[in-house]
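Remarks on the overall topology
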Amino acid sequence: MKKKISIIIPTYNEEESLPFLHEKLNDIMNQMQDYDFEILFVNDGSKDKSLELIKSFRQVDERYNYVDFSRNFGQEIAMAAGIDYVTGDCAIFMDADLQDPPELIPELISHWEEGYDDVYARRRTRTGEGFVKKFTSKMYYRILQKMTNVEIQKDTGNYRLIDKRCINALRQMTESERCLKSMFSWMGYKKKEVLFDRPPRVAGKTKWNYVKLFDLAINGITSFTTSPLRLATYFAIPTFAVLGVYAIYVIAKCFVTHTVVQAFQAIILLILFFSGIQILLFGIVGEYLGRIFNETKNRPLYFVNEYNGKKELNEIARKEKNEKNME
Ligand code: UDP
Ligand code: MG
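For clarity, every value in this text was computed on a predicted model and none was experimentally measured.

Examining the packing of aromatic side chains
Under the definition given, this model contains nine aromatic pairs. Each member of the aromatic cluster is reached from another via a ring pair, and the members are Phe41, Phe57 and Tyr64. A cation over a ring is seen here: lysine 3 above tryptophan 112, with NZ or CZ 5.2 Å from the ring centre. The ring of phenylalanine 73 has arginine 71 sitting right over it, with the charged end atom 3.9 Å from the ring centre.

Considerations on the coordination of the magnesium ion (ligand 2)
Donor atoms from the polypeptide that coordinate the magnesium ion (ligand 2) comprise Asp97 (OD) and Gln99 (OE1), at 1.9 Å from the metal. Both residues of the pair, aspartate 97 and glutamine 99, belong to the buried class.

A closer look at the nonpolar core
Core analysis: the biggest nonpolar cluster contains 34 residues, and Ile5, Ile7, Ile9, Leu21, Phe41, Ile105 and Tyr159 have the highest contact counts within it. Per-element accounting of this core gives the leading share, five residues, to helix H1 (residues 18-31). Ranked by size, the runner-up nonpolar core spans 29 residues in total, among them Phe69, Phe93, Ile167 and Leu180.

Structural notes on the pairing of strand E6 (residues 156-163)
Most of E6 is tucked away: eight of the eight residues are buried. Relative to E6, strand E4 (residues 90-93) runs antiparallel, the two being bridged by four bridges. Residue pairing across strands places cysteine 90 opposite aspartate 163, the latter belonging to E6.

What about the layout of surface pockets?
Its boundaries defined by the atoms lining it, the largest pocket holds a volume of some 1200 Å³. The wall of the largest pocket is formed by 46 residues, among which Lys133, Lys181, Trp208, Leu213 and Leu216 lie closest to the centre. Going through the elements one at a time, strand E1 (3-11), helix H3 (75-85), strand E5 (118-126), helix H5 (131-146), E6, strand E7 (191-198) and helix H8 (210-224) are the ones with two or more residues in the lining of the largest pocket. Tallying contributions element by element places H8 first for the lining of the largest pocket, with eight residues. Each residue belonging to the lining of the largest pocket can be placed in one class, and the counts come to 19 nonpolar, twelve polar and 15 charged. Phe73, Ile77, Ser176, Glu177 and Leu301 are, among the 23 residues lining the second largest pocket, the residues nearest its centre. Broken down by element, the lining of the second largest pocket gets its largest block of residues, four residues, from H8. Considered class by class, the residues forming the lining of the second largest pocket number eight nonpolar, seven polar and eight charged.

What about unusual backbone geometry?
The phi angle at leucine 98 is positive, at roughly 65°, despite the residue not being glycine. Structurally, leucine 98 is set in the loop between E4 and helix H4 (105-113).

Considering empty space enclosed by the protein
Taken as a whole and assessed by the stated rule, the structure comprises three cavities of 30 Å³ or more. Quantified by volume, the largest cavity comes out at close to 80 Å³. Taken together, 13 residues make up the lining of the largest cavity; nearest its centre are Tyr141, Ile152, Lys181, Ser182 and Ser185. Secondary structure elements with two or more residues in the lining of the largest cavity: H5, E6, helix H7 (180-187) and H8.

With respect to the pairing of strand E2 (residues 35-43)
Side-chain direction in a regular strand flips from residue to residue, so the side chains alternate between the two faces of the sheet. With eight of its nine residues buried, E2 lies for the most part within the structure. Here E1 runs beside E2; their pairing, made up of nine bridges, is parallel. If you follow isoleucine 9 over to E2, its bridge partner there is phenylalanine 41. Two elements, E2 and strand E3 (residues 64-69), share five bridges in a ladder whose sense is parallel. Note on E3: the bridge partner recorded for leucine 40 is asparagine 65.

Calculation criteria
Residues numbered from 1 in each chain as written. Chains lettered and ligands numbered in written order. Predicted model: local features only at pLDDT ≥ 70, side-chain atom pairs only at ≥ 80, totals over all residues. Heavy atoms only, no water. Phe/Tyr/Trp six-rings, centres within 6.5 Å; stacked < 30°, edge-to-face > 60°. Lys NZ or Arg CZ within 6 Å of the ring centre and 35° of its normal. Donors = N, O, S within 2.8 Å, 3.2 Å for Na, K, Ca; no water. Buried < 20%, exposed > 50% of the residue type's maximum accessible area, 1.4 Å probe, protein only. Core = buried A, V, L, I, M, F, W, Y, C linked by side-chain atoms within 4.5 Å. Helix = DSSP H or I, 4+ residues; strand = E, 2+ residues; numbered from the N terminus. Pairing = 2+ DSSP bridges. 1 Å grid on protein atoms, 1.4 Å probe; cavity = no way out; pocket = protein on both sides within 12 Å on 5 of 7 lines; lining within 4 Å. Points joined across faces, edges and corners; volume = space filled by probe spheres on them. Nonpolar A, V, L, I, M, F, W, Y, C, P; charged D, E, K, R; others polar.

Structural data, given as structure tokens:
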């Protein structure tokens, strides 16, 4: 029996890129006759003709599949649905805009055949992305790595191949605030790096903006580590030390010079200083409280409008998920 390769493609308003992608995927599938393929588009509430295009692909080739969301849930959730619905022996995550070149697929698969569980593509270069984006992304990963013991793959996006056991692992990670990139790191398993040059998107515009990226960054940190909570301790220790020294100084001075504390300005400064710290700490606590709040809601991650595959399969994915949530 042939092994089955699943390819998960989150798709949001990609009508311009899809024809190019379709062509490339067909090439690859023709090249690799030793494998079965399942292309799974997760249509993330596209408002353009993406879904119609995908359906037209499926009409001529049953290897093309789709899950159609009831609305736009975002790329992370689209990938989560991909994890729930794939049926292959391994799964490849790929963007629809050809920034994750399909030419790399044979290499990813060959490393998987060697026994690696998580073969991730690392960007050697990133053309078509501004200096600011590259710089902020680099700094972000450096800081994130400092905060955790889990090894984080640098310059790595979501383009990767994971084995079935990783898919099963990810299915058990049902948190609602997701950052798949850090979940890949956290799950462990045997990893292998493959280098590639990241091209600019083939058509259309990026679906990300800085607000979304900032949200993703915060999710990345708070879903990974609680070390920001320790900031409270780091701030509190010197603060109390200064407070203690200052109090001794003031009292001693009063004794020596026989005066009273003359210091409404100092008080104002102190109030500002301490309330600043308090606000910061409340901010951090609020961050985690918010997460607890969201997790306790325990909502499904997404709703599916339509799935081309067998209904049972769809049900199994959801049932498994609910059982996991009950445990
Ligand atoms: N995407 C999605 N939902 C969204 C935003 C993006 O499914 O809300 C998909 C998009 O169609 C593409 C992938 O996620 O296949 C990556 O998006 P994009 O290329 O815009 O991000 P960038 O490469 O600029 O980081
Ligand atoms: Mg892109």
